[in-house]
Amino acid sequence: MNPRDLLLRPVALADLPALERIACASEHGISSLPNDQTKLLARIERSLEAFASPDDASGEETYLFVLEDCARGEVVGSSGIAASAGFHDRFYSYRNEFVVHASPALGVSNRLHTLHLCHDLSGYTLLTSFYIDPAYAHGPAPQLLSRARLLFILQFAERFNERIAAENPGLADPSGQSPFWDAVGRRFFDMDYPQAEAVTGGRNKAFIADLMPHSPIYVPLLPEAAQWAIGQLHPVGELPFSILQDEGFDADTYIDIFDGGPTVEANLALLRSVRHARKLELRAADLNAGLPVWHLAVNGERAGFRAVLAELPVAAQALAPEHELHSRLGLAPGAVLWVSALWPDAGAGSRP
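Quick caveat, the model's predicted, so the values are computed rather than measured.

## Digging into the overall build of the protein
Per the secondary structure count, the protein includes ten helices and 15 strands. The buried share among the 352 residues of the protein stands at 53%. Approximately 15500 Å² of the protein is accessible, and the part contributed by carbon and sulfur atoms is 51%.

## Things to note about the pairing of strand E9 (residues 250–255)
As paired elements, E9 and strand E10 (residues 262–267) share three bridges and run antiparallel to each other. Considered in E10, the bridge of Asp250 is made with Glu265. Linking E9 to E10, which pair antiparallel, is a turn of six residues; within it Gly260 sits at a positive phi near 80 degrees.

## Some remarks on the packing of helix H3 (residues 141–155) against helix H8 (residues 238–247)
Contact geometry of H3 with H8 gives a least axis separation of 10 Å together with a crossing angle of 45 degrees. With respect to each other, H3 and H8 are oriented oblique. Of the two possible hands of crossing, H3 and H8 adopt the one that is right-handed. Contacts from Pro142, Gln143, Ser146, Arg147 and Leu150 of H3 reach H8 at Leu239, Ile243, Leu244, Asp246 and Glu247. Looking at the contact of H3 with H8 residue by residue, the class counts come to five nonpolar, two polar and three charged.

## Topic: unusual backbone geometry
Although it is not a glycine, Ser129 adopts a positive phi angle of roughly 60 degrees. Taking the relative accessible area as the measure of exposure, Ser129 reaches 4% and is therefore buried.

## Description of the nonpolar core
The biggest cluster of nonpolar side chains holds 47 residues, and the ones touching the most others in it are Leu8, Tyr63, Leu67, Leu127, Leu144 and Phe152. For this core, the element with the most residues is H3, which contributes eight residues. Among all residues touching Leu144, those that are not within four sequence positions of it are Leu6, Leu7, Leu8, Leu67, Leu296, Ala307, Val308 and Leu309. One finds Tyr94, Leu117, Ile257 and Phe258 within the second-largest nonpolar core, a separate group that totals 22 residues.

## Examining the packing of aromatic side chains
In total, this model carries twelve aromatic pairs according to the counting rule given. Look at Phe65 and Phe152: their rings are 5.4 Å apart centre to centre, the planes differ by 80 degrees, and that puts the pair in the edge-to-face class. One end of the pair, Phe65, is in strand E2 (residues 62–69); the other, Phe152, is in helix H3, and 87 residues separate them in sequence. Each member of the pair Phe65 and Phe152 is classed as buried. Ring centres of Trp181 and Phe258 lie 5.1 Å apart, and the angle between their planes is 80 degrees; this geometry places the pair in the edge-to-face category. Remark: Phe258 occurs in the loop between E9 and E10 and Trp181 occurs in helix H4 (residues 179–183); sequence separation between them is 77 residues. Taken individually, Trp181 and Phe258 each receive the classification buried, so the pair is uniform in this respect. Here the basic side chain of Arg111 rests over the ring of Phe98, its NZ or CZ set 4.2 Å away from the ring centre.

## Re the pattern of salt bridges
Within the structure shown, the criterion is met by eleven salt bridges. Across the salt bridge formed by Arg186 and Asp182, the nearest N and O atoms sit 3.2 Å from each other.

## Topic: H8
Of all the positions in H8, only Pro240, Phe241, Ile243, Leu244 and Glu247 are classed as buried. Summarising the axial view, the buried residues of H8 lie within an arc of 160 degrees, below the 170-degree limit, and thus occupy one face. Among the structural elements, strand E6 (125–132), H3, strand E7 (163–167), E9, E10 and helix H9 (272–275) are those in contact with the buried residues of H8. Just beyond H8, the residue with positive phi is Gly248, at close to 120 degrees.

## Side note on the environment of Ala229
Looking at where Ala229 falls in the secondary structure, it is placed in helix H7 (residues 224–229). Residues Ala229 and Trp181 lie 48 residues apart in sequence; the distance between their C-alpha atoms is 9.7 Å. Beyond its immediate stretch of four places on either side in the chain, Ala229 contacts Leu171, Pro179, Phe180, Asp259 and Gly260.

## Notes on the packing of helix H1 (residues 16–25) against helix H2 (residues 37–52)
The geometry of H1 relative to H2 is characterised by a closest axis approach of 10 Å and an angle of 120 degrees between their N-to-C directions. In terms of orientation, H1 and H2 fall into the oblique class. Seen from above, H1 lies across H2 with right-handed handedness. Across the interface between the two elements, Leu16, Leu19, Glu20 and Ala23 of H1 pack against Gln37, Leu40, Leu41 and Ile44 of H2. Broken down by class, the residue content of the contact of H1 with H2 amounts to six nonpolar, one polar and one charged.

## Some points on the environment of Val308
Tracing the sequence through the fold places Val308 in strand E13 (residues 307–313). Residue classification places Val308 among the buried positions, given a relative accessible area of 2%. If sequence neighbours within four positions are ignored, Val308 has contacts with Leu6, Leu7, Leu144, His295, Leu296, Ala297, Leu325, Arg328 and Leu329.

Cut-off values and rules
Residues numbered from 1 in each chain as written. Predicted model: local features only at pLDDT ≥ 70, side-chain atom pairs only at ≥ 80, totals over all residues. Heavy atoms only, no water. Helix = DSSP H or I, 4+ residues; strand = E, 2+ residues; numbered from the N terminus. Buried < 20%, exposed > 50% of the residue type's maximum accessible area, 1.4 Å probe, protein only. Areas by Shrake-Rupley, 256 points an atom, 1.4 Å probe, with all protein chains shown as cover. Pairing = 2+ DSSP bridges. Axes fitted to C-alpha atoms, helices over the stretch in contact; angles between N-to-C directions. Parallel < 35°, antiparallel > 145°, perpendicular 65-115°, else oblique. Left-handed = near helix turned anticlockwise from the far one by under 90°. Contact = heavy atoms within 4.5 Å. Nonpolar A, V, L, I, M, F, W, Y, C, P; charged D, E, K, R; others polar. Core = buried A, V, L, I, M, F, W, Y, C linked by side-chain atoms within 4.5 Å. Phe/Tyr/Trp six-rings, centres within 6.5 Å; stacked < 30°, edge-to-face > 60°. Lys NZ or Arg CZ within 6 Å of the ring centre and 35° of its normal. Salt bridge = Lys/Arg side-chain N within 4 Å of Asp/Glu carboxyl O. Arc of directions from axis to C-beta.

Remember that the coordinates give geometry; whether it matters functionally is a separate question.
Put into structure tokens, the structure is as follows:
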């Protein structure tokens, strides 16, 4: 696989069969893509509207990207953005807190882990729908698939919240049974974890407020398997989670209300890809001033958004008209180009 053959772009109607394959391959609770053709088609149509809409953003928009191996003409991954988590209602999570119970008379003091149902993350922009073909998981493809979304948000910041969050899958067995759900959610919902995920459609968990207790859950009272599951990742979530951690997301405060997986959050401006992002002028320039390293490179369009990988000097400030990125990103005269080093502290030509 040649990194230069990879292209991240908005989803198209023609990608429906590829999304069906991705949804079918995803583990329970791993992807927010429903394994249902009608729902997938609706998801594509909502994304097309979000990318193309000339109106001011309402926050209801959902954007879906696909990663294409252009040499093979195949879609090998997906990722998405929900402009505002819980747009139609509140977005629920459990917040990790610790309370101290003390008795001076007995000389006893206990610090206890508790979970508090909250909607702190309502309105945050949510990263969703990450899936990568296993054959591409060990190269640069996952970096492009995950990180390029942040540059899209940066370019169209008026459409998004400055606070970004992402849910990550918690522990579940091959049949979709979750120890955290079995100990907590199942006691208030007469359904299995996969059924609950299907009911919520991957996003809307507002009905939780009607059935879940709002009083704190004392973690020591849960079964040992459920305690262990809090904040733990499903194995297939380790790759996207590691990319988010490298970006600077915090994973200590919130967990998913269904499977107990870690929900990360951060300020967009503090994330690594955003901090290292810079514009390149489109003019004749000497790109040999410095050794090249791998960069994300994205154009400045919304409906015609394109993101690729390219080797550029870290100090480069301009792009010559004959450079390959003009054709790979579909750049027109006067277009805007954003780049960000994947590993700014690494040596030339490293990793991909």
